[in-house]
Amino acid sequence: MTDTDYPEFANPMARPRYTGLPTFMRAPWEEDLSQVDIGMVGVPFDGGVTNRPGSRHGPREVRNQSSLLRMINQLTSVAPHSLCRVADIGDAWVPSPFELTQSHAAIEAHFKRIVAAGVVPLSIGGDHSVSLPILRAVAQQQPVAMVHIDAHCDTGDDYMGSKFHHGAPFSRAVEEGLLDPHKVVQIGIRGPVNDPDVWRFSHESGMRVMYMDEFYRLGVDEVIRIAREVAGSGPVYVSFDIDSLDPAFAPGTGTPEIGGLSTLEAQLLIRGLEGLDLIGADLVEVAPAFDPSGNTAMAGANLMFELLCVLATAWHRRHAATT
Ligand code: MN
Ligand code: MN
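In this text the structure is predicted, and so the values were computed from the model without any measurement.

**Remarks on the sheet that holds strand S1 (residues 38–43)**
So, step 1. Ordered in space as S2-S1-S3-S8-S7-S4-S5-S6, the 8 strands form an open sheet in which the pairing is parallel. At either margin of the open sheet sits one strand with a lone partner, and together these are strand S2 (86–91) and strand S6 (208–211). Each adjacent strand pair in this sheet contributes to an overall mean axis angle of 15°, direction not counted.
So, step 2. Direction of pairing for strand S4 (residues 144–149) relative to strand S5 (residues 179–189): parallel, over a ladder of 5 bridges. Among the inter-strand pairings, Val144 is bridged to a residue of S5, identified as Leu179.

See the structure below:
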């Protein structure tokens, strides 16, 4: 194939989707961070999992499934790759993957380099423990707000000798001054527990916990209104655990819980964040080995695209305001 045959194929994202290298969304691979505004980054680490591992394979499979995506969000008209420079900036390198806190330190250092270069991170885990080192990078200046979509609050404490597993990143983030708990909303919470007060940290610290039955009764528009009200006008981080989706849509994850979000509800939720000052996002817990169909990674890739769209408009708004 040459550009002479098909000049419109000069852009890799416009080429037939079965061709080329499977970077995230077929965006350019770029390791020079000075050439990037939003960096899509893999975090292939699942050393913080309490039960079923496998999300270390998430980034590669989401890259593969993300070849299905195109350039424009038909429903919102957002064309993220036209608003700013979006690239696949590779994976966070974890040199000591059998040491949990050392691994988190390496991920933190990687994201501090990304943030120091002025790049907005859109990351794909990995298990949810990686959100803590990412927040240590993106919330260096001040505690941030967070929209957290998950079947679990992930505000636990010590489990079998560690406080840094994937069920506890957000209690640590509050303790470390990275999150303002009064500006945190947790959406989609459900499932059986061993301790009725398992998420007491969320409630006692002032987070807005939206259990799934409340979500169902209120409907997605009212949930969006509440989420926006809680998050406020300051910097907002988004953390999306794929297990927030019902296992009918996303069985490929370590801790599935029935009675969850549909993929459409998740898309609408993310689109509803348009206008917030979004400074970064992650999508975690895609464990491809539990889903031979590939649907979980496909859902993850599409939700990553929705996250990219709202991150790109937020980046563009900030940029326009300063020039
Ligand atoms: Mn989680
Ligand atoms: Mn979860």
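**Concerning the side chain of His81**
So, step 1. As for its position among the elements, His81 is in helix H2 (residues 80–83).
So, step 2. Using a relative accessible area of 18% as the deciding quantity, one classes His81 as buried.
So, step 3. Not counting residues up to four positions away in its chain, the partners in contact with His81 are Met13, Met25, Ala27, Met71, Val86 and Leu308.

**A few points about the packing of helix H8 (residues 220–231) against helix H9 (residues 263–271)**
To describe two helices that pack against each other, one gives the angle between their axes and the distance between the axes.
So, step 1. In contact at an axis separation of 9 Å, H8 and H9 are set at 35° when each is read in the N-to-C sense. Every pair of crossing elements has a handedness; the one defined by H8 and H9 is right-handed. Across the interface between the two elements, Val220, Val223 and Ile224 of H8 pack against Glu265, Leu268 and Leu269 of H9.
So, step 2. Its residues assigned to classes, the contact of H8 with H9 comprises 5 nonpolar, no polar and 1 charged.

**Digging into the pattern of salt bridges**
So, step 1. Taken as a whole, this structure holds 17 salt bridges when the rule is applied.
So, step 2. In this structure, the salt-bridge partner of Lys163 is Asp157, at a minimum N-O distance of 3.7 Å.
So, step 3. Classification of Asp157 by relative accessible area gives partly exposed; the value is 41%.

**Notes on the coordination of the manganese ion (ligand 1)**
So, step 1. The protein atoms donating to the manganese ion (ligand 1) are His128 (ND1), Asp150 (OD), Asp154 (OD) and Asp241 (OD), with metal-donor distances spanning 2.0 to 2.2 Å.
So, step 2. Counting the intervening residues between successive donors of the manganese ion (ligand 1) yields the motif H-x21-D-x3-D-x86-D.
So, step 3. A separation of 3.2 Å is found between the manganese ion (ligand 1) and the manganese ion (ligand 2), which are bridged by Asp150. The burial state of Asp150 is the same as that of Asp154; both residues are buried.

Calculation notes
Residues numbered from 1 in each chain as written. Chains lettered and ligands numbered in written order. Predicted model: local features only at pLDDT ≥ 70, side-chain atom pairs only at ≥ 80, totals over all residues. Heavy atoms only, no water. Pairing = 2+ DSSP bridges. Helix = DSSP H or I, 4+ residues; strand = E, 2+ residues; numbered from the N terminus. Axes fitted to C-alpha atoms, helices over the stretch in contact; angles between N-to-C directions. Buried < 20%, exposed > 50% of the residue type's maximum accessible area, 1.4 Å probe, protein only. Contact = heavy atoms within 4.5 Å. Left-handed = near helix turned anticlockwise from the far one by under 90°. Nonpolar A, V, L, I, M, F, W, Y, C, P; charged D, E, K, R; others polar. Salt bridge = Lys/Arg side-chain N within 4 Å of Asp/Glu carboxyl O. Donors = N, O, S within 2.8 Å, 3.2 Å for Na, K, Ca; no water.

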